[in-house]
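Here is what each chain is made of, one letter per residue.
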Protein chains: 2
Amino acid sequence: MHNYFSSDFKLGILGGGQLGKMMLYDTRKYDIKTYVLDPSTEAPCKIACDVFEQGDLMDFDTVVNFGRKVDVLTFEIELVNVDALEKLESEGKKVYPSAATLRKIQDKGVQKQFYAEKEIPTADFNVFTSKTDLTKAIAKNEWQYPFVWKSCTGGYDGKGVSVIRKEEDLTGLPEASCIAEKMIPFKNELAVIVSRNVSGEVKTYPVVEMEFHPEANQVEYVICPARIENHVAEKARAIATKVSESFEHVGLLAVEMFQTEEDEILVNEVAPRPHNSGHYSIEASFTNQFEQHLRAILDLPLGETESKVGGVMVNLVGDENHEGQVHYQNIEKIMQMPGVTPHIYGKKQTRPFRKMGHVTIVNKDLSEARKIAEEVKKEIKVISKS
Amino acid sequence: MHNYFSSDFKLGILGGGQLGKMMLYDTRKYDIKTYVLDPSTEAPCKIACDVFEQGDLMDFDTVVNFGRKVDVLTFEIELVNVDALEKLESEGKKVYPSAATLRKIQDKGVQKQFYAEKEIPTADFNVFTSKTDLTKAIAKNEWQYPFVWKSCTGGYDGKGVSVIRKEEDLTGLPEASCIAEKMIPFKNELAVIVSRNVSGEVKTYPVVEMEFHPEANQVEYVICPARIENHVAEKARAIATKVSESFEHVGLLAVEMFQTEEDEILVNEVAPRPHNSGHYSIEASFTNQFEQHLRAILDLPLGETESKVGGVMVNLVGDENHEGQVHYQNIEKIMQMPGVTPHIYGKKQTRPFRKMGHVTIVNKDLSEARKIAEEVKKEIKVISKS
């Protein structure tokens, strides 16, 4: 085994946002040397890595030159130059997850076709090379309203997705290649994080449930474990494992899924990295998702994925009426509640709906955690200083 | 309340060792700006704080100048210049724990006399201004063998302590002021960490037990909760609280105690900071000791101190036959065991018995954790690279 601990080994991370920042806690715990590349000098990772470089993650030369300095390269954001990762791999550099995996995932059309090929259950879909093609297919009745439109590339955090119910809804869409998906009436939106190391050892985390706000149709709570039947949870974990193995994925893969009215599990999409749906694991799991990602890409034995206690996660997003220097109103009030841990990502400026942090609520009794989470949501506000 | 989160508030930490390093994880979690002062440019804290300064913690001017740059000042080691802390307090700086508390604790003679005054149970003792005085007292039969000799100042990590059974044992002792303590036959060595915030809110952690190696007479395992009767645990927590309140202590206070054969609790000594006996809390407690220290000194509400799961902690110390560049032999083997987390402090050079890290073992079943801890001890070795 390579000696990673207090050695000259260097881990490179493309992206210096909150996911990288939380991963750095665990590199520090193990005293693993880290290099981080990010376009912003204000990146949350800047002060917690060994070497920080400012640069464009989509620029071929920047990524190649950065990658050559490290022993293993990973990323905390998908929007990186994949040609550069391929070049580095061709030079013998270890890149995890691989360039091939990332290329399949970056394009939603390719990703969906991959599921179809591998017989992974997913909502019915069609790929269209342009909006014009989509419009023609609708005109010929080869495709019908309502459906979900997704841009093949560039989508992130819910951007690049629209529900199309009638002709007028098409107006605002860009000309880009896209997929159109049948709308699935579902009971639950679920996610499973799969970890797979270089040697092929696989472990899944328990199924988590996204609880939506009844009116706003936004995820309000991520709940672990999901309040679903055991046989459904087992099916979801098995399908997530199949997705990870089909990709020959190394690292973490967050698999988002729908549980249909008939208890079918359909894969929605995946993220090849630590994921918002796994943040609860820092406080609730025997091994948190960031440590697990490190274990996987360094080919160390994977850690235990089960939970110590029930966990609920609430995102802290900028209030819609505030922009400017951030202030976490009532944070001291939520810190009074049992089992509550706020995580502040370190972004100095708030904007409407910007992800500024998250709060984890843990409790031996999950329903108690869920109640406290509601109190947390009522109290804390991400505003700007007046 | 002061706005600590993603603001211009500055926390200063005197000392940049492993305790500071682990505290920095939590300052990052809350995005609190940190300044660290340490004599070594190799200090583990160096890469994880906002501003690192190299300087002598015992030098008056260095500490005063450093303290003037921050809003709240704390320390992770007791060996700092207390006159400088007093000077800073006189200028209105917030120093927690206070200079007065630290002065009482730094001198073991003063500490013991304080316990006597406050009627805090402790082993019978006498303070001697010099070895000469001690020798005279023995000659006059005012003090008898056997006893425990402790240097009043400068002791650390078991240094400055000797068991004196007969005249010859006195030979190696320095001329310094000292205390002599009656030897107490005890069943258990226990510790309680007390947290107390600026407003006076107090919370104690569960009692932990130091399990000694049957032959080597060294602490092998720190176990939480201690395997003792409830009424003894309650007594220990009540006494620890009394100690903290007597000192009007702000921050964490680790209170080390003996449980006598008669189930009396005697206070041995205290440390006014996060402590080795609380490392288990990172994985096992609802609020880890480092976060709790921050909450206390920033006058935030204290977090829940109870445990999610049982915890056992094993220190990783340098093998007695190795010196040089460190190598953690078999670390990948212990990472295969369930609920095992190694913490590597980041010291590049190992020396016999140097504290290089620790390993926490957590499990819903404490006796299972204790068994796995034994496996961990058998496997891992801190050696130098050959």
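Residues numbered from 1 in each chain as written. Chains lettered and ligands numbered in written order. Predicted model: local features only at pLDDT ≥ 70, side-chain atom pairs only at ≥ 80, totals over all residues. Heavy atoms only, no water.

With that settled, consider the relation of the copies chain B and chain A. Copy one and copy two of the chain differ by a rotation about a common axis and a shift along it. Placing chain B over chain A gives an RMSD of 0.0 Å and needs a rotation angle of 180 degrees, together with 0.0 Å of translation along the axis. Expressed as a symmetry operation, the mapping of one chain copy onto the other fits a two-fold axis. Of the C-alpha atoms belonging to chain B, the one lying closest to the rotation axis is found on B:Ala48, 2.3 Å away. (Least-squares fit on C-alpha atoms with pLDDT ≥ 70 in both.)

Residue and element names in this part refer to chain A. Within the secondary structure, glutamate 211 is located in strand β12 (residues 208-212). Of the residues examined, glutamate 211 reaches a relative accessible area of 18% and is grouped as buried. Sequence-distant contacts of glutamate 211, that is, excluding residues within four places in its chain, are made with Gln218, Val219, Glu220, Tyr221, Ile223, Arg227 and Arg370. (Helix = DSSP H or I, 4+ residues; strand = E, 2+ residues; numbered from the N terminus. Buried < 20%, exposed > 50% of the residue type's maximum accessible area, 1.4 Å probe, protein only. Contact = heavy atoms within 4.5 Å.)

Our focus in this paragraph is the sheet that holds strand β3 (residues 51-54) of chain B. Residues and elements named next belong to chain B. Across the sheet, five strands lie side by side as β3-β2-β1-β4-β5; this open sheet has parallel pairing. Edge positions in the open sheet fall to β3 and β5 (94-95), since each of these has one partner strand only. One ladder, built from five bridges, connects strand β1 (residues 10-14) with strand β2 (residues 33-38); its direction is parallel. If you follow leucine 11 over to β2, its bridge partner there is threonine 34. (Pairing = 2+ DSSP bridges.)

Turning next to the interface of chain B and chain A. With 48 residues of chain B at the contact, the number on the chain A side is 48 residues. A buried area of about 4,200 Å², summed over both sides, lies between chain B and chain A, and 58% of it is on carbon and sulfur atoms. Among the residues of chain B in contact with chain A, B:Arg28, B:Ile47 and B:Met335 are the three that bury the most area, contributing 18% of the side total. Applying the counting rule to chain B against chain A returns two salt bridges. Its salt-bridge partner being B:Lys348, residue A:Asp31 comes within 2.6 Å of it at the nearest N-O pair. In this structure, the connection of chain B to chain A is made through 20 residue pairs in polar contact (both at pLDDT 80 or more). When contributions to the side of chain B that touches chain A are tallied by element, the ones reaching two or more residues are α1 (18-29), α9 (289-297), β17 (324-329), α10 (331-334), β18 (340-344) and β20 (355-363) of chain B. Ranked by the residues each element gives to the side of chain B that touches chain A, the list is headed by β18(B), at five residues. (Buried area = accessible area lost by both parts, 1.4 Å probe. Salt bridge = Lys/Arg side-chain N within 4 Å of Asp/Glu carboxyl O. Polar contact = N/O pair within 3.5 Å; in protein donor to acceptor, adjacent residues only side chain to side chain.)

So, about helix α3 (residues 82-90) of chain B. What sets the pattern is the α-helix's 3.6 residues per turn: residues three or four places apart point alike. All names here are of chain B. Among the residues of α3, those classed as buried are Val82, Ala84, Leu85 and Leu88. Taken end-on, α3 shows its buried residues confined to a sector of 155 degrees, consistent with a single buried face. Where α3 is buried, its residues meet β1, α2 (60-67), β4 (72-75), β5 and α4 (99-106). Taken from the residues just after α3, glycine 92 is the one with a positive phi, measuring 95 degrees. (Arc of directions from axis to C-beta.)

All names here are of chain A. In terms of domains, chain A is made up of domain 1 (10-95), domain 2 (124-182) and domain 3 (186-384). If you average the C-alpha positions of domain 1 and of domain 3, the two centres end up 23 Å apart. Taken together, the 19 residues of domain 1 in the interface contact 23 residues of domain 3. Summed over both sides, the interface of domain 1 with domain 3 buries roughly 1,700 Å², with 66% coming from carbon and sulfur. (Domains from an automatic or database assignment.)

To continue, consider the UniProt feature "binding site: ATP" (unreviewed entry) in chain A. Residues and elements named next belong to chain A. Mapped onto this structure's residue numbering, the UniProt feature "binding site: ATP" (unreviewed entry) falls at Lys108, Lys150, Glu181, Lys182, Met183, Ile184, Glu189, Asn268 and Glu269. Inspection of the secondary structure puts glutamate 181 in strand β9 (residues 178-182). Of the residues examined, glutamate 181 reaches a relative accessible area of 4% and is grouped as buried. Within the local environment of glutamate 181, its side chain forms a polar contact with the side chain of lysine 112, the two groups lying 2.6 Å apart. Here glutamate 269 is to be found in strand β15 (residues 265-271). (UniProt positions renumbered as here; feature names shortened; annotations may be inferred.)

Moving on, we come to the sheet that holds β17(B). All names here are of chain B. If you trace the three strands from one edge of the open sheet to the other, you get β19-β17-β21, paired in antiparallel fashion. Strands with a single pairing partner mark the edges of an open sheet, and in this sheet they are β19 (349-350) and β21 (381-384). As paired elements, β17 and β19 share two bridges and run antiparallel to each other. Following the sheet pairing, glycine 324 is matched in β19 by threonine 350.

This brings us to unusual backbone geometry. All names here are of chain A. Cis rather than trans, the peptide bond between tyrosine 145 and proline 146 has omega equal to -15 degrees. Note on placement: proline 146 falls in the loop between α6 (131-139) and β7 (147-151). Backbone geometry at aspartate 299 places phi at a positive 55 degrees, although glycine is not the residue there. Along the chain, the position of aspartate 299 falls in the loop between α9 (289-297) and β16 (310-317).

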